Amino acid sequence: MLGAYLPIIVLLVVAACFGLGSVVVSSLVGQKKLSPVKLQPYECGCEPVGSAQERFSIKFYLIAMLFILFDIECVFLYPWAVLFKRLGVFGLIEMGVFVVILFVGYIYVWKKGALEWE
Amino acid sequence: METLFFSIVAAIAILMSILVIRCKNPINSALSLIMTFFCLATLYVMLEAPFMAAIQVIVYAGAIMVLIVFVIMLLNIRTESGRRTQHALFLGAATGLFLLFQTWYFLSRSSLTGAKGAIDSAAIAKVGHTELIGQSLFTEFLLPFEITSILLLAAIVGAVVLAKKKV
């Protein structure tokens with residue numbers, strides 16, 4: 001049974017080895033002449049300003065929340081797509097009702113300007 | 001082979017869940033929780049439920065963890081705050097012991113694996129797991145499925161009302 005998933009396991013192992021390997025090899029092979037400037041966190045070449053852990057705006061939260069909700073809608077579409085031919089018109093109407101109800105929510109979000117970054 | 005694989009995955013899952021509650025930095029806890037979700041997805045695959053595994057990764061490890069990380073950043077929690085009080089220790093120990101007793105009680109009364117369900121490995125192999133889920137979701141559980149959309153709609157409206165400055 002697990003044999004079918006062997007490629008995924010191999011991919012995970014290779015990815016983990018690549019990630020760990022690059023850190024380990026560069027720490028073994030690379031030179032270690034550390035200076036205060038080198039040890040600074042890299043911030044696109046700019047001088048770091050303040051802590052990285054700043055308080056984030058609630059706008060991110062709203063976007064994340066909307067992302068989850070429409071993500072769940074998409075998850076329901078997968079089994080429907082698999083069974084599309086067998087369910088036929090009945091399935092189409094069923095999914096139509098589901099999507100239209102969520103589409104109302106989408107229009108609400110749009111009209112309220114929740115997708116705007118103000 | 002399969003038992004060995006299960007043991008490894010289960011051990012990682014337990015280790016990561018311990019890290020979730022032991023880490024001082026909430027972001028580290030969140031990252032450990034992602035790893036726990038991936039282990040759960042692997043266990044779903046081993047239970048011949050690949051669709052559930054995909055959902056576990058897409059919805060839990062993906063979307064819900066994004067939300068949790070954003071909430072941690074929104075509240076700007078640096079380290080775990082608050083002391084462990086005598087009260088909390090006692091309550092925790094009592095709850096843990098109660099749950100342990102409950103588990104032991106039900107395990108001693110019935111078999112370890114429990115009764116088999118109507119759909120076995122052969123049925124899943126013949127029809128396919130996603131097809132089986134879809135079939136019951138879109139025929140037998142039609143009403144709950146449609147009600148889900150109302151629930152999602154309510155959540156959308158709730159999120160906008162709560163997080164938007166002027167609605």
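The written sequence of each chain sets the order in which its residues are numbered from 1. Each chain gets a letter, beginning with A, and each ligand a number, beginning with 1, in the order they are written. For this predicted model, a pLDDT threshold of at least 70 governs which residues receive local features, and a threshold of 80 or more governs which side-chain atom pairs are given and counted, while totals over whole chains, interfaces and linings are taken from all residues. Side-chain calculation: all heavy atoms of the structure are included, whereas hydrogens and water are not.

Considering the overall build of chain B
So, point 1. A count of helices and strands for chain B gives seven helices and zero strands.
So, point 2. When the helices and strands of chain B are read in sequence order from the N terminus, they spell out α-α-α-α-α-α-α.
So, point 3. Against the globule reference of 15 Å for 167 residues, chain B gives a C-alpha radius of gyration of 21 Å, more extended than a compact globule.
So, point 4. Dimensions of chain B along its principal axes, counting C-alpha atoms only, are 50 × 50 × 30 Å.
So, point 5. Only protein chains enter the accessibility calculation, which uses a 1.4 Å probe. A residue is then buried if its area is under 20% of the maximum for its type, exposed if over 50%, and partly exposed in between. A total of 167 residues make up chain B; the buried ones form 29% of that total.
So, point 6. Where accessible areas are quoted, they stem from the Shrake-Rupley method and a 1.4 Å probe; at the residue level, only the protein chains shown are allowed to cover. Of the roughly 11100 Å² that chain B leaves accessible, carbon and sulfur atoms contribute 72%.
So, point 7. As used throughout, the charge tally considers Lys and Arg to be positive and Asp and Glu to be negative, leaving His and the chain termini uncounted. Charge placement uses NZ in Lys and CZ in Arg. For Asp and Glu, CG and CD serve respectively. Taking the average location of the 11 positive side-chain charges in chain B and that of its 7 negative ones, the two points are 24 Å from each other. Working definition: helices are DSSP H or I runs of at least four residues, strands are E runs of at least two. Numbering for both runs from the N terminus. We compute the radius of gyration over the C-alpha atoms and compare it with the globule rule, which gives 2.2 Å times the number of residues raised to the power 0.38.

A short note on the interface of chain B and chain A
So, point 1. Contact residues are listed per partner, giving 46 residues for chain B and 49 residues for chain A.
So, point 2. The quantity reported as buried area is the accessible area (1.4 Å probe) lost by two parts once they are put together, taken as the sum for both. Considering only the side of chain B, the residues that lose the most area to chain A are L74(B), F138(B) and I156(B), jointly responsible for 14% of the buried surface there.
So, point 3. A 3.5 Å cut-off defines polar contacts: any pair of N or O atoms within that distance qualifies, except that in protein one atom must be a possible hydrogen donor and the other a possible acceptor, and neighbouring residues in sequence count only when both atoms are side-chain atoms. Applying the counting criterion to the chain B and chain A interface returns two residue pairs in polar contact (both at pLDDT 80 or more).
So, point 4. Top element by residues in the side of chain B that touches chain A is helix α7 (residues 142-163) of chain B. It accounts for 15 residues. Residues are treated as being in contact if the distance between any of their heavy atoms lies within 4.5 Å.

What about the domain arrangement of chain B?
Residues and elements named next belong to chain B.
So, point 1. Delimitation of the domains relies on an automatic or database domain assignment. If you check the domain split of chain B, you get domain 1 (1-79) and domain 2 (120-167).
So, point 2. When each unit is reduced to the centre of its C-alpha atoms, the spacing between domain 1 and domain 2 is 22 Å.
So, point 3. Contacts between the two partners involve five residues from domain 1, matched on the other side by five residues from domain 2.
So, point 4. Summed over both partners, the interface of domain 1 with domain 2 comes to about 430 Å²; 66% of that surface belongs to carbon and sulfur atoms.
So, point 5. By salt bridge we mean one thing: a side-chain nitrogen of Lys or Arg within 4 Å of a carboxyl oxygen of Asp or Glu. Seen at the junction of domain 1 and domain 2, the total is zero salt bridges.
So, point 6. Inspection of the domain 1/domain 2 interface yields two residue pairs in polar contact (both at pLDDT 80 or more).
So, point 7. Residue composition of the side of domain 1 that touches domain 2, grouped by class: four nonpolar, no polar and one charged. Residue classes follow a fixed rule: Ala, Val, Leu, Ile, Met, Phe, Trp, Tyr, Cys and Pro count as nonpolar, while Asp, Glu, Lys and Arg count as charged, and any other residue, Gly among them, counts as polar.

What about the packing of helix α2 (residues 58-82) of chain A against helix α6 (residues 129-140) of chain B?
So, point 1. To get an axis, fit a line to the C-alpha atoms, keeping to the stretch in contact for a helix; angles then go from 0 to 180 degrees between the N-to-C directions. Contact geometry of α2(A) with α6(B) gives a least axis separation of 8 Å together with a crossing angle of 100°. Relative to α6(B), the element α2(A) lies roughly perpendicular. Between α2(A) and α6(B), the contacting residues are F76(A), P79(A), W80(A) and V82(A) on the first element and T130(B), E131(B), G134(B), L137(B) and F138(B) on the second.
So, point 2. A class-by-class count of the residues in the contact of α2(A) with α6(B) yields six nonpolar, two polar and one charged. We call two directions roughly parallel when the angle between them is under 35 degrees, roughly antiparallel when it is over 145, roughly perpendicular when it lies between 65 and 115, and oblique otherwise.

Notes on helix α1 (residues 2-22) of chain B
So, point 1. Multiplying 1.5 Å by the residue count of a helix minus one yields the expected span of that helix. With 21 residues, α1(B) should reach 30 Å at 1.5 Å per residue; the first-to-last C-alpha distance of 30 Å fits that figure.
So, point 2. Residues F5(B), V9(B), A10(B), A13(B) and M16(B) constitute the buried set of α1(B). Mapping the buried residues of α1(B) onto a view down its axis gives an arc of 130°, with all of them on the same face. Turned more than 90 degrees off the buried face of α1(B), the exposed positions are T3(B), L4(B), I14(B), L15(B), I21(B) and R22(B).
So, point 3. Residues of α1(B) that are buried make contact with α1 (6-29) of chain A together with α2 (26-46) of chain B. Comment: arc refers to directions from the helix axis out to C-beta atoms.

Some thoughts on the packing of helix α3 (residues 84-111) of chain A against α7(B)
So, point 1. Contact geometry of α3(A) with α7(B) gives a least axis separation of 9 Å together with a crossing angle of 10°. Classified by the interaxial angle, the pair formed by α3(A) and α7(B) is roughly parallel. Where α3(A) approaches α7(B), its residues F90(A), E94(A), M95(A), V97(A), F98(A), I101(A), L102(A), V104(A), G105(A), Y108(A) and V109(A) are matched on the opposing element by L142(B), F145(B), E146(B), T148(B), S149(B), I150(B), L152(B), L153(B), I156(B), V157(B), V160(B) and V161(B).
So, point 2. Partitioned by chemical class, the residues of the contact of α3(A) with α7(B) number 18 nonpolar, three polar and two charged.

A short note on the environment of I63(A)
Residues and elements named next belong to chain A.
So, point 1. The topology assignment puts I63 in helix α2.
So, point 2. Once the C-alpha coordinates of I63 and L115 are considered, the two residues, 52 residues apart in sequence, prove to be 7.5 Å apart.
So, point 3. When near neighbours in sequence (up to four residues on either side) are disregarded, I63 contacts A114 and W117.

Focus on the layout of surface pockets
A probe as big as a water molecule, rolled over the atoms, marks out the empty space that is left.
So, point 1. For the largest pocket, the calculated volume is near 710 Å³.
So, point 2. Points on a 1 Å grid, built from protein atoms alone, make a cavity when a 1.4 Å probe fits but cannot get out and make a pocket when they are open with protein on both sides within 12 Å along at least 5 of 7 lines; residues with an atom within 4 Å of a point are the lining residues. Together, 22 residues line the largest pocket, and I8(A), I9(A), L12(A), F38(B) and T42(B) are the ones closest to its centre.
So, point 3. Going through the elements one at a time, α1 of chain A together with α1, α2 and α3 (50-75) of chain B are the ones with two or more residues in the lining of the largest pocket.
So, point 4. Looking at which element gives the most residues to the lining of the largest pocket, the answer is α2(B), with seven residues.
So, point 5. Partitioning the lining of the largest pocket into residue classes produces 21 nonpolar, one polar and no charged.
So, point 6. Grid points are joined across faces, edges and corners, and a volume is the space filled by probe spheres set on the points. Of the voids in this model, the second largest pocket is the one considered here, and its volume is about 300 Å³.

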